[in-house]
Amino acid sequence: MHGDVPTRALRSISLGILLLAAPVAAQPPAAGDWQLPGRDYGMTRFSPLDEINRENVGGLKPVWTFSTGLLRAHEGNPLVVGNLLFVHTPFPNRVYALDLAEPGAPIRWSYAVPAATARLRVPEGCCDVGSRGLAYHPSGILIAPLFHGEVVGLEATTGREVWRVQNVDRAEGGSLSGAPLVVGELVIVGSGGAEYGVRGTITAYEAATGKLAWRAFSTGPDAEVLIDGDANLNYSSHRGRNLGVTTWPADGWRHGGGTVSGWITHDPELGLIYHGTDPAAPGDGTARPGDNKWTSTLFARSAATGKVRWALQLTPHDEWGYGAANENILVDLSIGGDSIKALVHFDANGFAYTIDRTTGKLILAERIGPANWATRIDRPSAVPVRDPKYATGTTRVNGICPAAAGMKGLGPAAYSPVTNWFYVPLNNLCMSLQTTGATYEAGKPFRGVTIRMAAGPGEIRGRFVAYDATTGAIAWQNQEPLAVTGGALATAGGLVFYGTMDGWLKAVDATNGRELWRFKTPSGIVGSPITFSGPHGQQFVAVLSGLGGWLGQGGNGAFPDLDRQVTQGGVLTVFGR
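Note that the coordinates shown come from a computational prediction; the quantities given were computed from them, not determined experimentally.

### A closer look at the overall build of the protein
Counting its regular elements, the protein contains five helices and 40 strands. When its C-alpha atoms are laid out on the principal axes, the protein stretches across 60 × 55 × 50 Å. Across the 577 residues in the protein, those meeting the buried criterion constitute 64%. The contacts in the protein between residues at least 6 apart in sequence include a share of 61% that link residues at least 24 apart. Of the roughly 19100 Å² that the protein leaves accessible, carbon and sulfur atoms contribute 51%. Here the protein holds 47 positive side-chain charges and 48 negative ones, and the gap between their average locations is 3 Å.

Structure representation (structure tokens):
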């Protein structure tokens, strides 16, 4: 069954849409499964499994592998539901179900887009043609975003296509790379393509049928962003009507970017979803004076209707291309003797934010590395205090830190309730930037900047840190010769796993960062490790390797000899004892 919705029809959707079935309360995930992108709704990426621990992780070894047969960026992570492991690929976005109950986990079924679609020339954007993952609905529907712009629902046991809908317009440069999230009877999907001047959206579909439930835009009138009243009562810069229009020149918001290519999280108790938006378009900030709301912004929305509970713009008038699409980790923290329903966000702009996820009020914002574009985040106003030395223009500006790829990329951090620390993969890159002017043309890059990236202070290109979101302190850090582009995994066994661009999967002690184990995978890791239980209860660790993405393609000069250190090619490697 197909349920395509024309783009022009979607544009007419407004605040009046209501969903009949409200999201259901979340059940704790099965200890041995990995059914959500971050394992739980808060995206902590923490597993209670502890069979593999500090004492025995040194004996971890590969037990089987699976080659996807494709190159480019293998991002995100597999899902594990019972005896099935679901793995995805970059465009043309094949999906495989592997049978964990059989030796070597043979293919139970596979799904490939029609041959005509697979031959499409699709926009590659700034950052390759990768996909960050799948979503699973407990009724047995597996949802896959397809990079060329469609979303497909598959029968999880057979791979049969149940529904398929058009989400973005490929001809305009739209794409789908973010992982969707199932909330109750809905699946929520963000769009990509900000670097093509695509106007950002986030859309909810009925998971069983693909029927449209609601759609919200990131820029434009309040009625289309789904804002009713002030976006954030805590801050004067966020109060007023239609700021998604008035903070732009003329009709700049119509091609203003702010897509939703990153992660979505959910608080079942509050009934809210949380997501960030990408940077503004064009990349040339001189062409769009103003704050450019609501790009580079965090949103809290009703999961049922999409209506905004609060918004917080992290980098107003983002002239460096940072965006705010990174994950929002939802945990309850004790700060100053108070229990806070917190949202912790590690932004590309180089600052770590602790926010009250109920109200959108900023609690803490601390630098997590060499970020020099702003001297600090003013907590009373939540506005960055910029250093004018690093404002962009037609004269080349050197030494801007971090680089446009971000101090923190889309590889997600992890949180351990055992240590109360967050484990964060970071880049250590700076850049030179010069504006060149940009003219919008549908389906063509809409940038207007030239960028060169290079190693930051210390001549290293990556770090992996343990961070305390209650104080803003870094508990420990490991330096890496290349950027840490993959995600993190924390476990009850006292371990943290992370991958590197040159292909090492590492296990470190969660308390001090001491390396306990490493394995060289077949390609660079831009995906995220997971852990799960096999059919007989044994614990496994898995990671999808396959170099790609903006940095994996050289990073505008940041990695001039990368092809001498690692090769391409997607492989899932599974480890056991």
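There's more to say after this.
### As for the nonpolar core
Ranked by size, the top nonpolar core spans 65 residues in total, and within it Phe-346, Phe-422, Met-431 and Phe-559 carry the most contacts. Residues in contact with Phe-559, not counting those within four places in the same chain, are Leu-429, Arg-461, Leu-482, Ala-483, Met-501, Leu-551 and Gly-554. Phe-66, Val-87, Val-95 and Ala-97 belong to the second-largest nonpolar core, a separate cluster that totals 48 residues.

### Brief notes about the state of the cysteines
Inspection of every chain in the model, using the stated rule, returns one disulfide. A sulfur-sulfur distance of 2.0 Å marks the disulfide that ties Cys-401 to Cys-430. Residues Cys-401 and Cys-430 are joined by a disulfide whose S-S torsion is about 105°; by sign, that bridge is right-handed. Of this pair, Cys-401 sits in the loop between β26 (397-400) and β27 (414-416) while Cys-430 sits in strand β29 (residues 429-435), and the two are 29 residues apart along the sequence. Residue Cys-401 shares its accessibility class with Cys-430, and that shared class is buried.

### Quick look at the confidence of the model for the protein
Of the residues in the protein, 94% reach a pLDDT of 70 or more, and the chain-wide mean stands at 92. When the criterion is pLDDT under 50, residues 1-25 qualifies, and its contacts beyond four places in sequence or with other chains add up to 43 contacts.

### Points about the sheet that holds strand β28 (residues 421-427)
Strand pairing in a sheet relies on backbone hydrogen bonds, with the paired strands running either antiparallel or parallel. Spatially, four strands are ordered β27-β28-β31-β32 in an open sheet, and the strand pairing comes out antiparallel. Looking at the sheet topology across the chains shown, the edges are occupied by β27 and β32 (473-480). Looking at each pair of strands side by side, their axes are set apart by 20° on average, direction ignored. Bridge count between strand β31 (residues 462-468) and β32: seven bridges; the pairing is antiparallel. When the sheet's bridge partners are listed, Gly-462 is paired in β32 with Glu-480.

### Examining the pattern of salt bridges
Applying the stated rule across the entire model yields 22 salt bridges. Asp-228 is the partner of Lys-307 in a salt bridge, and the nearest nitrogen-oxygen pair spans 3.3 Å. With Lys-307 in the loop between β18 (297-302) and β19 (308-313) and Asp-228 in the loop between α3 (222-225) and α4 (243-246), this residue pair connects regions lying 79 residues apart in the sequence. A salt bridge links Arg-386 to Glu-319, with the nearest nitrogen and oxygen atoms 2.9 Å apart.

### Describing the side chain of Asn-77
You can see Asn-77 is positioned in the loop between β3 (75-76) and β4 (79-81). On the basis of relative accessible area, Asn-77 is assigned to the buried category, the value being 2%. For Asn-77, the residues in contact, after removing those within four places along its chain, are Trp-34, Pro-37, Arg-45, His-88, Arg-132, Ser-528 and Ile-530.

Rules behind the numbers
- Residues numbered from 1 in each chain as written.
- Predicted model: local features only at pLDDT ≥ 70, side-chain atom pairs only at ≥ 80, totals over all residues.
- Heavy atoms only, no water.
- Helix = DSSP H or I, 4+ residues; strand = E, 2+ residues; numbered from the N terminus.
- Buried < 20%, exposed > 50% of the residue type's maximum accessible area, 1.4 Å probe, protein only.
- Contact = heavy atoms within 4.5 Å.
- Areas by Shrake-Rupley, 256 points an atom, 1.4 Å probe, with all protein chains shown as cover.
- Lys, Arg positive; Asp, Glu negative; His and termini not counted.
- Charge placed at Lys NZ, Arg CZ, Asp CG, Glu CD.
- Core = buried A, V, L, I, M, F, W, Y, C linked by side-chain atoms within 4.5 Å.
- Disulfide = S-S within 2.5 Å.
- pLDDT = per-residue confidence, 0-100.
- Pairing = 2+ DSSP bridges.
- Axes fitted to C-alpha atoms, helices over the stretch in contact; angles between N-to-C directions.
- Salt bridge = Lys/Arg side-chain N within 4 Å of Asp/Glu carboxyl O.

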